[in-house]
Amino acid sequence: MSELEIRHLHVVYDDEPVVKDVSLRVPAGGRLAILGPSGSGKSSILRAIAGLVPSRGEVLLAGSSLAGVPTHRRDVGLMFQDNALFTHLNVVDNVGFGLRMRGATRSRARVQAQRFLELVGLEHKREAAVTDLSGGEQQRVALARTLAPGPAVVLLDEPVGALDRALREELLVAMTQVFDELRTTVVMVTHDQSEAFEIGRDVAVMRDGRISVAGAAAQVWANPQDSWTARFLGLNNVMEPGQPLHAALGCVPGVTTLLRPSLSRVADAGDARAARVLTGVVEWSRFRGGLYRAALSELSVGGSPVPGARVEVWSDRELEQGPAIAFTIADDDLVPLND
Amino acid sequence: MLTRAAERLLWLLPLAFFALFFAYPVLNLLVTALHPDGHWELAVFGQVFSDSRFWSVLWFTVWLAAASTVLTLLVALPGAWVLARFRFWGKGLIEALAVVAFVMPTVVVAAAVSSSTERLGVPGLSEGVPAILLAHLYLNVGVVLRLVGNYWSQLDPQVEEAAAALGAPPWRRFLNVTWPRLAPAVLASSAIVFLFTFTSFGVVLILGRIGQANLEVLIYRKVVQLFNLPEGAVLAIVQIILVAVLLVVQSWLSRRLETRQGLLALPRLQRPRTAGQRSIVAAFLVCSLALLAGPIVAVFLDAFGGSQGWSLTNYAALGTSNEGTILFVSPIEAVRNSLVFAVAATVIALIIGSVVAFVLSGRASPLTESIWLLPLGVSAVTLGFGLLITFDEPPVNFRGSAALIPIAQALVAIPFVTRAVLPTLRSVRGNIREAAATLGATPLQTWRFVDLPMIVRGLAVAAGFAMAISLGEFGATVFLARSEFPTIPIAIYRFLGSPGDINYGQAMALSSILIVVTALVVVGTDRLRTSARYL
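Residues numbered from 1 in each chain as written. Chains lettered and ligands numbered in written order. Predicted model: local features only at pLDDT ≥ 70, side-chain atom pairs only at ≥ 80, totals over all residues.

Along the backbone of chain A there are 9 helices and 19 strands. With 339 residues in all, chain A has 44% of them scored as buried. The contacts of chain A with a sequence gap of at least 6 include a subset with a gap of at least 24, amounting to 63%. (Helix = DSSP H or I, 4+ residues; strand = E, 2+ residues; numbered from the N terminus. Buried ≥ 20, exposed ≤ 12 C-beta atoms within 10 Å, placed from the backbone. Contact = placed C-beta atoms within 7 Å.)

Helix and strand content of chain B: 22 helices and 2 strands. Per-residue burial for chain B yields a buried fraction of 45% across its 535 residues. Restricting the contact set of chain B to residue pairs at least 6 apart, pairs at least 24 apart contribute 82%.

Here we come to the interface of chain A and chain B. In this complex, chain A contributes 25 residues to the contact, which on the side of chain B involves 22 residues. Of all elements in the fold, only strand S6 (76-79) and helix H2 (91-101) of chain A reach the threshold of two or more residues within the side of chain A that touches chain B. Looking at the side of chain A that touches chain B element by element, the count peaks at 5 residues for H2(A). Residues that form the side of chain A that touches chain B fall into these classes: 12 nonpolar, 8 polar and 5 charged. (Nonpolar A, V, L, I, M, F, W, Y, C, P; charged D, E, K, R; others polar.)

Quick look at the sheet that holds strand S8 (residues 186-190) of chain A now. Adjacent strands of a sheet pair through backbone hydrogen bonds, lying either parallel or antiparallel. All names here are of chain A. Taking strand neighbours across the sheet as the criterion, the 6 strands line up as S6-S7-S8-S3-S9-S10 in an open arrangement whose pairing is mixed. Two strands close off the open sheet at either side, each with one partner strand: S6 and strand S10 (210-216). Looking at each pair of strands side by side, their axes are set apart by 15 degrees on average, direction ignored. In the sheet, S6 pairs with strand S7 (residues 153-157) via 4 bridges, with the strands oriented parallel. Paired with Met79 across the bridge in S7 is Leu156. Of the strands in this sheet, S6 and S7 touch helix H4 (residues 135-147), which is tilted by about 175 degrees from S6. (Pairing = 2+ DSSP bridges. Axes fitted to C-alpha atoms, helices over the stretch in contact; angles between N-to-C directions.)

Further remarks concern unusual backbone geometry. The phi dihedral of Arg183(A) is positive, around 50 degrees, even though this residue is not glycine. Within the secondary structure, Arg183(A) sits in the loop between helix H5 (165-182) and S8.

Residue and element names in this part refer to chain B. The N-to-C vectors of helix H4 (residues 91-103) and helix H6 (residues 128-154) enclose an angle of 130 degrees; their axes lie 7 Å apart at closest approach. In terms of axis orientation, H4 runs oblique to H6. Crossing of H4 over H6 shows left-handed handedness. Across the interface between the two elements, Ala98, Val99, Ala101 and Phe102 from H4 touch Tyr138, Leu139, Val141, Gly142, Val143, Leu145 and Arg146 from H6. Partitioned by chemical class, the residues of the contact of H4 with H6 number 9 nonpolar, 1 polar and 1 charged. (Parallel < 35°, antiparallel > 145°, perpendicular 65-115°, else oblique. Left-handed = near helix turned anticlockwise from the far one by under 90°.)

Right, let's get into the sheet that holds strand S19 (residues 334-336) of chain A. All names here are of chain A. Strand order in the open sheet formed by 3 strands is S11-S12-S19, and the pairing between neighbours is antiparallel. Edge positions in the sheet fall to strand S11 (238-239) and S19, since each has one partner strand and no second. Inspection of the sheet shows S11 paired to strand S12 (residues 257-259) by 2 bridges, in the antiparallel sense. When the bridges of S12 are listed, Met239 appears paired with Thr257.

When two helices pack together, their arrangement is captured by the angle between the axes and the distance separating the axes. Residues and elements named next belong to chain B. Axis separation between helix H3 (residues 52-85) and helix H8 (residues 170-198) bottoms out at 8 Å; the angle between their running directions is 135 degrees. One finds that H3 runs oblique with respect to H8. Handedness of the crossing formed by H3 with H8: right-handed. The segment H3 lies against H8, with Thr61, Leu64, Ala65, Ala66, Ser68, Thr69, Thr72 and Leu73 engaging Val186, Ser190, Val193, Phe194, Thr197 and Phe198. For the contact of H3 with H8, a count of residues per class yields 8 nonpolar, 6 polar and no charged.

In this structure, Ala135(B), Ala466(B) and Ile492(B) are the most contacted members of the largest nonpolar core, which totals 150 residues. At 16 residues, H6(B) tops the list of elements feeding residues into this core. Counting only domains with at least three residues in this core, you end up with domain 1 (1-25 + 305-535) and domain 2 (42-297) of chain B. Sequence-distant contacts of Ala466(B), that is, excluding residues within four places in its chain, are made with Ala345(B), Thr346(B), Ala349(B), Leu350(B), Ala413(B), Phe416(B) and Val417(B). Counting residues in each nonpolar core, the second largest holds 80 residues, with Val76(A), Val92(A), Leu117(A) and Ile199(A) among its members. (Core = buried A, V, L, I, M, F, W, Y, C linked by C-beta atoms within 7 Å. Domains from an automatic or database assignment.)

Residue and element names in this part refer to chain A. Along the chain, Leu117 falls in helix H3 (residues 106-119). For Leu117, a count of 24 C-beta atoms within 10 Å gives the class buried. Note: C-alpha distance between Leu117 and Arg140 (23 residues apart in sequence) is 8.4 Å. Setting aside anything within four residues of it in sequence, one finds Leu117 in contact with Val92, Val95, Leu122, Glu123, Arg126 and Ala144.

Written out as structure tokens, the structure is:
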């Protein structure tokens, strides 16, 4: 497992720059998730690392440059978005393909492939035709095929993209276990933030070919840097200077500020007059897998009403509709943004 | 991959082949017929068009093709639905039987239909229009089952469920939701069936009552029985024009089918659950077995049966020479001839057909592509006759040689080869090559382990089809196979046209052999399409 570093990477398709000056570093055994909407250039980064598209800038694997190295000698595994399985080969021969290319005999490749089929839980389908497999099974074959030759770095392009939710969860769990066990260096791209934070120890958010924020997963979540990134991560309480709530909460003047949605509830409504207490009436509340998301309106801060303002709060219990409820605002609930 | 210049050069091979063995003979036939003694004799057009017989044959041809198409659709559409929505025991068998039926030699089908309907004992069913319709149904039901069934299976059933949830009763769901989405596939397959039955020859020739003829049979009778070359040529021109129009319609309809979206990559098949579904599937199994296997079984019963009960008499008779009677050689010679010609034709068709596919897989305009992919627009009868009169004098004299037979058979098979190879060439997408590269395959290894095995598979499927078509080719071969070189279909035709139990028995014995060979070749290679193979 090797360290991967990208320096000032540019990719241009048909005169259209799709990756603009991207620099990233993944330590050996690290896992980076690149998160961004479709068309933001994420896949192009992977294709550039694999040497499948021409690029400017540097790609370094274990410290040495990959410039001029053809794809088949780069020792990177790429799991394609549509799997790109070999339909003329059965499951075990798909998985053993990379070993065969590195000179293993067929029988040896099949023995080795077996281990990876067990890893993804498909040992019972080893002789099946890949076209007879379900979507989830095909993706697991693609994963095993990518891992089997033991590449220095594994690149995953929307690895669970086409799957339904249950399968997605199952495969994500299986993948993290496999990566932990093999100590694989991983770069994954996805448009789904829950996937990104589940797989990635580090997360980089991409927008229009550039990295808008990168860092340890928890840090990116805590500090999304700009309002676009915050909203992309589902953090919607972005307060711009001049808005009544911005002033009422005492945010730094002139600085766009994010109010984190996970606020602490105050049991005693009597505290509502304290300066850093937000009260409001639940307008609607929805259960969103594990937590409730609710919109509060008719807000007041420290007892004085803030007309027209509204915030979203996340809570692990359902928030009752009816009388106003109160939350304290701690210092770290207010996150300054760069725009 | 190739430079433009190299690509142009590669085009020369199929172009030269078609120019020499297709365009030239057909033109030569027309010129010979209409331009005798150095001047054009066009009065014959007036003669043909003022003949009421011509108009009645033309009407019969159109009517017969339309009736065959409608019948095939009525029978096959419910079956296509069953195949598209359910997985059940015996499905693979039915699909294989349908493929075998599609490539079954027309002469054998005619024999099988007359044999099986005679066993049923329904009066009037074993010859004339009812028998012809049955034979056309048998030959073409697989086209609709496969084409419409595949397409239907890719239509998301949830859309119908959505309509149901919106309050649409079953008939409205079919009319307003299913049918509009399915119609392109139904129309495209109808066009193919209409085209095939419009140019039907062997079936109509053998099963038609006296005086019953479609255009193809009329051309044959005019030329072979009445030696009226000019009128035959006029009829051939009419046939060429009509078929060209049909081909344009057919390619337009098929093209519409390709520009569709929202199809499922993996069909959602389910086991039949309710009692209603189970009985529908059971009914489908029984009906399709009766239709697709019944005629074959009847042939075998007749081949092994006889006036003295079960015996191998009919097969034993195949080894004896019939010199001076029906064939100049023993029927077993015909089997040998058929195999030799079919192998030669397959090799020619594979070479020319895959060159065409290779060039088309690069950049080809849709028009070029549809021209090369279409089945030959000229009737097999016209082609055979053209070849016969063109290559009987120096510089190319094939008179007395059998070389023209595989060439004619290859001409008929080439479009099928191209159709089979082209998708596999295109399926080796850049994506798959890239996957191989990321797994460490050098460009050479990628070619050896990815491109080649995928193409080989397409070639094998193509070879199976080409072989089956060559084995069963009748319209062109009937002109070219002189008495010394009969093929199995020719021998069957001769035996069927002769009175006596032993002649009929030999026809059935030969048919059974052809059935077995065709089925083996097609089922064997068709399996390759899906089954996994190792490196």
